[in-house]
Amino acid sequence: MAEIAVLERTVVVRHGRRLEYFTIGWHALEGLVAVIAGAIAGSVSLVGFGIDSFIEVTSGSVLLWRMSLDADVHRRERNERRSLQIVGVCFLCLAAYIAYESATDLLSKRAPEHSIPGILLASVSLVVMPLLSRAKRRVGHTLGSAAMDADARQAEFCTYLSAILLAGLLLNAVFGLWWADPVAGLVMVPIVAKEGIAGLQGKACDHCSVR
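Notes on the structure follow. (Residues numbered from 1 in each chain as written. Predicted model: local features only at pLDDT ≥ 70, side-chain atom pairs only at ≥ 80, totals over all residues. Heavy atoms only, no water.)

Scanning the chain from N- to C-terminus turns up six helices and zero strands. Seen in sequence order, the chain has helices and strands lined up from the N terminus as α-α-α-α-α-α. Scored against the burial criterion, the 211 residues of the chain give a buried share of 48%. Taking as baseline every contact in the chain between residues at least 6 positions apart, the subset at least 24 positions apart corresponds to 81%. Surface exposure of the chain reaches about 10200 Å², of which carbon and sulfur atoms provide 68%. (Helix = DSSP H or I, 4+ residues; strand = E, 2+ residues; numbered from the N terminus. Buried < 20%, exposed > 50% of the residue type's maximum accessible area, 1.4 Å probe, protein only. Contact = heavy atoms within 4.5 Å. Areas by Shrake-Rupley, 256 points an atom, 1.4 Å probe, with all protein chains shown as cover.)

This part is about the state of the cysteines. Within this structure, the stated rule accounts for zero disulfides. Cysteine cysteine 93 is unpaired, with the sulfur of cysteine 90 as its nearest cysteine sulfur at 6.4 Å. (Disulfide = S-S within 2.5 Å.)

In a regular helix each residue adds 1.5 Å, so 28 residues correspond to 40 Å; helix H4 (residues 116-143) covers 40 Å between its end C-alpha atoms and thus fits that length. If you look at H4, its biggest bend is around 25 degrees, right at leucine 126, and the proline proline 130 turns up within four residues after that. Among the residues of H4, the N-terminal cap falls to serine 115, whose side-chain oxygen and the backbone nitrogen of glycine 118 are separated by 3.1 Å. Looking one or two residues beyond H4, the residue adopting positive phi is glycine 144, at roughly 70 degrees. (Expected span 1.5 Å × (residues − 1). Bend = angle between axes of the 7 residues up to and from the residue. Polar contact = N/O pair within 3.5 Å; in protein donor to acceptor, adjacent residues only side chain to side chain.)

Below, the discussion takes up the packing of aromatic side chains. Counting across every chain of the model gives three aromatic pairs. Plain terms: the ring middles of phenylalanine 91 and phenylalanine 157 are 5.4 Å apart, the flat faces sit at 90 degrees to each other, and that makes the pair edge-to-face. Residue phenylalanine 91 is found in helix H3 (residues 76-108), and its partner phenylalanine 157 is found in helix H5 (residues 146-175); the two are separated by 66 residues along the sequence. Per residue, the accessibility class of phenylalanine 91 equals that of phenylalanine 157, and both read buried. Aromatic side chains phenylalanine 157 and tyrosine 160 sit 6.0 Å apart centroid to centroid with 70 degrees between the ring planes, which places their arrangement in the edge-to-face category. (Phe/Tyr/Trp six-rings, centres within 6.5 Å; stacked < 30°, edge-to-face > 60°.)

Between its terminal C-alpha atoms helix H6 (residues 180-200) stretches 31 Å, which fits the 30 Å expected from 21 residues at 1.5 Å a residue. The axis of H6 is deflected most strongly, by about 30 degrees, at methionine 188, and proline proline 190 appears within four residues downstream. Taken residue by residue, H6 has Ala180, Asp181, Pro182, Gly185, Met188, Val189, Val192, Ala193, Glu195, Gly196, Ala198 and Gly199 as its buried positions.

Attention now goes to the nonpolar core. In this structure, Phe49, Met129 and Val192 are the most contacted members of the largest nonpolar core, which totals 41 residues. Listed by contribution, the elements that provide at least two residues to this core are helix H1 (2-41), helix H2 (44-68), H3, H4, H5 and H6. Sorting elements by how many residues they give to this core places H5 first, with eleven residues. In this structure, phenylalanine 49 is in contact with Glu30, Ala34, Leu121, Ser125, Cys158, Leu161, Ser162 and Leu165, ignoring residues within four places of it in sequence. (Core = buried A, V, L, I, M, F, W, Y, C linked by side-chain atoms within 4.5 Å.)

This is the structure in structure tokens:
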């Protein structure tokens with residue numbers, strides 16, 4: 001039975017690593033497209049979204065490291081806590097950047113120009129991120145990995161940011177409501193920051209315990 005459990009865990013870890021490889025590849029491409037499209041359109045929101053994607057690349061790399069060390073049972077808890085803290089730092093960096101960009105947008109009253117690539121990118125992200133988050137939650141629950149669960153929540157935040165970006169671009173393009181995107185971003189800041197603080201404190205999710 002113990003051997004079967006080890007084999008099953010190995011399969012789940014392998015699946016988790018594949019998810020993180022996909023996360024890194026997707027966010028690297030997403031970030032590149034967003035930054036370029038944002039620079040062309042003069043859109044701070046798109047550029048900020050791209051930088052968020054690069055932060056997600058860092059988070060995915062950390063989780064790959066966590067998966068590669070999963071077989072070390074004696075160091076698993078320490079590696080889990082360290083991974084969770086690094087992901088927490090990513091959350092706090094993300095919260096700080098959203099706050100800065102949102103405040104800057106409001107003060108400067110600078111609305112993003114129409115960007116078809118930005119609208120398409122945000123729309124695709126709204127489909128991909130919930131699926132990725134759900135898959136990571138299943139892996140995190142099976143492994144008892146709070147770090148993977150935190151990474152799944154980060155994918156959820158990326159979904160919210162995609163919705164904020166899309167709403168901002170559409171509302172500005174259709175109704176000229178330049179302030180919609182920065183206000184929504186400011187609403188997200190305390191939620192993201194709370195997750196970052198929990199990560200730094202090494203707090204696990206309710207159903208996660210390192211096994």
